[in-house]
Amino acid sequence: MRIGELAGLVGISTRAVRHYHHLGLLPEPERRANGYREYGLRDAVALARLRRLTELGLGLEEVRDVLADDSGRELHEVLAELDADLARQEEAIRARRARLAALRQQAEEHGGLPAEGPVSDELAAMFREMARTSATLPGPEPAMAAKEREVLALLESAGDGAGERVAGLVGDFTAAPGAMERAYEVYRLLDALAAVAPDDPQVERVAQAVADCIPDTVVAEVGGEQWARAAEAGRETDGFMAAYYAHFPPAQAEAMRRAIRLVAERAR
């Protein structure tokens, strides 16, 4: 058989056959005097087995291991590993579908998802409350409110259980009566610092307002040591908190740094 006939018999492309030759998965057959490869029935059997193994989901390196073991014991081991991997994939897909269903329900119940979404139900509820509060106040929404949503969405995406902690802290914050209204007052104060110098007297007043806005439950949950590290991180040139402070104009960054320092003192 010529390569085209072999490929057609097994149901793959001639390019795939040549690729298997290149990888050493399918031995090169002898060539005729005219240079064409001459394939026999044994080549077709080997190629058909190779195709069946790849259709099971085995990678080519796994196929190489299986083909190297004539007894077939390696195949049993590889198939067991493949089955376990597929089980993990199934579980991951079920979790993703559950998350998608929750997001679709969230969108249907509330007329869409937040611009920063997808986020957790807790964070989405906070963002809706922010939108409600902003709609009751005169003028456009403070730019600082939008930055707050971006940072919260980022933190919720972090690993090591950070997402669950953010959701819990958000719940503690929104549970406090009048918390959102006070937050918007602080957002406006922070917006007013956008064009002033870091040593302007109003920076200290705004820092105190920011610190006062953070509930005691949130202060306690984070802990004094972590608050203190966050306050001192502004002196560094890299890391998350350094990037966080660099995200704001100088006076706003100084107010946030001082506010975190005040909270750290409060947490002691």
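The paragraphs below set out a description of the structure included in this document. What you see is a predicted model, and the numbers here were worked out from it, not measured in a lab.

### Topic: the nonpolar core
No. 1: Ranked by size, the top nonpolar core spans 49 residues in total, and within it Met126, Met130, Leu190, Trp227 and Met256 carry the most contacts.
No. 2: If one sorts the elements of this core by residue count, helix α14 (residues 250-267) sits on top with eight residues.
No. 3: Beyond its immediate stretch of four places on either side in the chain, Leu190 contacts Met144, Val206, Val210, Gln252, Ala255 and Met256.
No. 4: In terms of nonpolar packing, the next biggest core, distinct from the first, is built from 20 residues, Tyr20, Leu25, Ala44 and Leu53 among them.

### Remarks on helix α9 (residues 179-191)
No. 1: For α9, with 13 residues, the first-to-last C-alpha span of 18 Å sits near the 18 Å given by 1.5 Å per residue.
No. 2: Within α9, the full set of buried residues consists of Ala179, Met180, Ala183, Tyr184, Val186, Tyr187 and Leu190. Within α9, the buried residues cover an arc of 160° as seen down the axis, which keeps them to one side.

### Side note on the packing of aromatic side chains
No. 1: Going through the model one piece at a time under the given rule, you end up with four aromatic pairs.
No. 2: Ring geometry for Tyr244 against Tyr245: centres 5.7 Å apart, planes inclined by 65°, an arrangement best described as edge-to-face. Tyr245 carries the same exposure label as Tyr244, and that label is buried.
No. 3: Each residue in the set Phe240, Tyr244, Tyr245 and Phe248 is aromatic and connected to the rest through ring pairs, giving one cluster.
No. 4: Looking at Arg2, its charged tip hangs above the ring of Tyr36, at a distance of 3.9 Å from the centre.
No. 5: Across the ring face of Tyr245, the terminal group of Arg257 is positioned such that the distance to the ring centre comes to 4.5 Å.

Criteria and thresholds
- Residues numbered from 1 in each chain as written.
- Predicted model: local features only at pLDDT ≥ 70, side-chain atom pairs only at ≥ 80, totals over all residues.
- Heavy atoms only, no water.
- Core = buried A, V, L, I, M, F, W, Y, C linked by side-chain atoms within 4.5 Å.
- Buried < 20%, exposed > 50% of the residue type's maximum accessible area, 1.4 Å probe, protein only.
- Helix = DSSP H or I, 4+ residues; strand = E, 2+ residues; numbered from the N terminus.
- Contact = heavy atoms within 4.5 Å.
- Expected span 1.5 Å × (residues − 1).
- Arc of directions from axis to C-beta.
- Phe/Tyr/Trp six-rings, centres within 6.5 Å; stacked < 30°, edge-to-face > 60°.
- Lys NZ or Arg CZ within 6 Å of the ring centre and 35° of its normal.

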